[in-house]
Amino acid sequence: MKWFLVRYIYEIVCGDGNYKPQFDEQLRLMFAIDSNEAFFKAELAAENFHPPFENCHGEVVTWKFICIADLHEIQTPEDGTEIASIMHEPIDVAVFLDQVEKRQVFLKERIQLTTKELDCFDN
């Protein structure tokens, strides 16, 4: 059995469609014998990742499966193995770096919160 990296493309559909178009690009791992089986499993699973829900405005939000855009066999990952790399060319570098810093602060706070939640089981 081998690991495969699958890149899915979805359109996020909200209510009657009167909104700015949004697309969700997802990277997921599939475990399969070969690329044919991985692709088949990926297609079968594509519709079941995101159940519809109702947003705060009462509109139904769904993920419309567009396609599997990529499928790559990957070696068994080791600690620190790169899964993806995204190149950014921001128009405003200061705004981009500010957003990165805010994500970092959020992540650190979230990790601390999770750690504190887990600490309650040590008593």
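Residues numbered from 1 in each chain as written. Predicted model: local features only at pLDDT ≥ 70, side-chain atom pairs only at ≥ 80, totals over all residues. Heavy atoms only, no water.

What about the overall build of the chain?
Next up, step 1: When its secondary structure is counted, the chain shows two helices and four strands.
Next up, step 2: When the helices and strands of the chain are read in sequence order from the N terminus, they spell out β-β-α-β-β-α.
Next up, step 3: A compact globule built from 123 residues should have a C-alpha radius of gyration of about 14 Å, whereas the chain, at 19 Å, is more than 25% larger.
Next up, step 4: For the chain, the spread of C-alpha atoms along the principal axes amounts to about 45 × 45 × 40 Å.
Next up, step 5: In the chain, which comprises 123 residues, the share counted as buried stands at 15%.
Next up, step 6: Taking contacts inside the chain between residues at least 6 apart in sequence as the whole, the part at least 24 apart equals 63%. (Helix = DSSP H or I, 4+ residues; strand = E, 2+ residues; numbered from the N terminus. Rg over C-alpha atoms; globule rule 2.2 N^0.38 Å. Buried < 20%, exposed > 50% of the residue type's maximum accessible area, 1.4 Å probe, protein only. Contact = heavy atoms within 4.5 Å.)

Remarks on the pairing of strand β1 (residues 2–14)
Successive residues of a regular strand alternate their side chains across the two faces of the sheet.
Next up, step 1: Both β1 and strand β2 (residues 22–32) contribute to a ladder of 11 bridges, which runs antiparallel. Among the inter-strand pairings, I12 is bridged to a residue of β2, identified as Q22.
Next up, step 2: Here 12 bridges tie β1 to strand β4 (residues 60–74), and the two strands are oriented antiparallel to one another. Among the inter-strand pairings, E11 is bridged to a residue of β4, identified as K64. (Pairing = 2+ DSSP bridges.)

What about the sheet that holds β4?
Next up, step 1: The sheet built from four strands is open, its strands ordered β2-β1-β4-β3 with antiparallel pairing. For this open sheet the edge positions go to β2 and β3 (53–54), each flanked by a neighbour on one side alone.
Next up, step 2: Against the sheet, helix α1 (residues 35–45) engages β1, β2 and β4, with an angle of about 135 degrees to β2. (Axes fitted to C-alpha atoms, helices over the stretch in contact; angles between N-to-C directions.)

Observations regarding the nonpolar core
Next up, step 1: One finds V6, Y8, Y10, M30, A42, A45, A46 and I68 forming the largest nonpolar core, which totals eight residues.
Next up, step 2: Broken down by secondary-structure element, the contributors of at least two residues to this core are β1 and α1.
Next up, step 3: Looking at this core, the element that brings in the most residues is β1, giving three residues.
Next up, step 4: Dropping the residues within four chain positions of it, A45 is found in contact with Y8 and M30. (Core = buried A, V, L, I, M, F, W, Y, C linked by side-chain atoms within 4.5 Å.)

Digging into the packing of aromatic side chains
Next up, step 1: Applying the stated criterion across every chain, the model contains six aromatic pairs.
Next up, step 2: Note on Y8 and Y10: the rings are 6.0 Å apart at their centroids and 25 degrees apart in plane angle, and the pair reads as stacked.
Next up, step 3: An aromatic cluster is present here, built from Y8, Y10, F49 and F65 joined pairwise through their rings.
Next up, step 4: One Lys or Arg, R28, reaches over the ring of F49 and ends 3.5 Å from the middle of that ring. (Phe/Tyr/Trp six-rings, centres within 6.5 Å; stacked < 30°, edge-to-face > 60°. Lys NZ or Arg CZ within 6 Å of the ring centre and 35° of its normal.)

As for the confidence of the model for the chain
Next up, step 1: On average, the chain scores 85 in pLDDT, and the residues at 70 or more come to 91%.
Next up, step 2: Across the chain, element-level confidence peaks in α1 with a mean pLDDT of 94 and bottoms out in helix α2 (residues 93–119) with 80. (pLDDT = per-residue confidence, 0-100.)

Concerning the side chain of E11
Next up, step 1: By secondary structure assignment, the location of E11 is in strand β1.
Next up, step 2: Look at E11: it is buried, it has no salt bridge, and the nearest opposite charge is K64 at 4.3 Å.
Next up, step 3: Once residues lying within four places of it in the same chain are set aside, the contact partners of E11 are Y19, Q22, F23, T62, W63, K64 and I66. (Lys, Arg positive; Asp, Glu negative; His and termini not counted. Salt bridge = Lys/Arg side-chain N within 4 Å of Asp/Glu carboxyl O.)

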